[in-house]
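Observations on chain architecture
Given next are the chains, with one letter for each unit.
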Amino acid sequence: GAVVSQHPSWVICKSGTSVKIECRSLDFQATTMFWYRQFPKQSLMLMATSNEGSKATYEQGVEKDKFLINHASLTLSTLTVTSAHPEDSSFYICSASAQGSPLHFGNGTRLTVT
Amino acid sequence: GENVEQHPSTLSVQEGDSAVIKCTYSDSASNYFPWYKQELGKGPQLIIDIRSNVGEKKDQRIAVTLNKTAKHFSLHITETQPEDSAVYFCAANRRGKLIFGQGTELSVKP
């Protein structure tokens, strides 16, 4: 149980384009989903928290207009990196939890912006 | 806000030995402390967790201890195996947010 699926697992895009990453909870309803970014050999940094049907809450220093988050249902959240630049290249990981349950992570999306 | 410090950053042990990773947290309101194992190119996998009303929890070769007074918690892996090699992260949860430590790269040598 508690499977979180993330798609795509890797993506290469050109500078200036936008990329959408999907995060799905496969066997439970996720009241809250989180998006993290991880640079090589570093820890996971929380970018934003999204609750189904409401606006995401962004961490300090994260541009909400650049990283658009939509949590339209209890099983799906999307992160769109708009006008991507090479410095946005990173490993993006989503996580999800049901109320009162541990947090489970997807397998991440490796984004490379050329 | 919460700050989580994790040590050591790298740890090398011989197969069969024990490994201990330690974390400290700053916010006394934190009430949940999970540990994750991350293999290369994959997302973190929950391996064990502990809540603030418990001092110790064990699951086969893995155990976690929590000292609320000192605000530190530790991961203990006994009888280590090569497949335990990975990066381990501790985390502290306050108000629904998980804040991660810096990670420990564990290498188990056969």
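Check the entry above for the structure.
Residues numbered from 1 in each chain as written. Chains lettered and ligands numbered in written order. Predicted model: local features only at pLDDT ≥ 70, side-chain atom pairs only at ≥ 80, totals over all residues. Heavy atoms only, no water.

1. Some thoughts on the interface of chain A and chain B
Facing the 19 residues of chain A at the interface are 18 residues of chain B. The contact between chain A and chain B buries some 1300 Å² in all, and 55% of this surface belongs to carbon and sulfur atoms. Counting the surface chain A buries against chain B, the share from its top three residues, A:S43, A:L44 and A:F105, is 29%. Counting across the interface, chain A meets chain B through 2 salt bridges. Ionic pairing is found between A:E59 and B:K97, a salt bridge with its closest N-O pair at 2.7 Å. Counting across the chain A and chain B interface gives 6 residue pairs in polar contact (both at pLDDT 80 or more). (Contact = heavy atoms within 4.5 Å. Buried area = accessible area lost by both parts, 1.4 Å probe. Salt bridge = Lys/Arg side-chain N within 4 Å of Asp/Glu carboxyl O. Polar contact = N/O pair within 3.5 Å; in protein donor to acceptor, adjacent residues only side chain to side chain.)

2. Side note on the packing of aromatic side chains
Residue and element names in this part refer to chain B. Scanning the model with the defined rule gives 11 aromatic pairs over all chains in all. Seen from their ring centres, F33 and F73 are 4.9 Å apart, and the 50 degrees between their planes marks the pair as tilted. Of this pair, F33 sits in strand β4 (residues 32-38) while F73 sits in strand β8 (residues 72-77), and the two are 40 residues apart along the sequence. Overall, the relative accessible area of 0% leaves F33 in the buried class. Overall, the relative accessible area of 0% leaves F73 in the buried class. Relative to F100, the ring of F89 lies with its centre 6.2 Å away and its plane at 85 degrees, an arrangement referred to as edge-to-face. (Phe/Tyr/Trp six-rings, centres within 6.5 Å; stacked < 30°, edge-to-face > 60°. Helix = DSSP H or I, 4+ residues; strand = E, 2+ residues; numbered from the N terminus. Buried < 20%, exposed > 50% of the residue type's maximum accessible area, 1.4 Å probe, protein only.)

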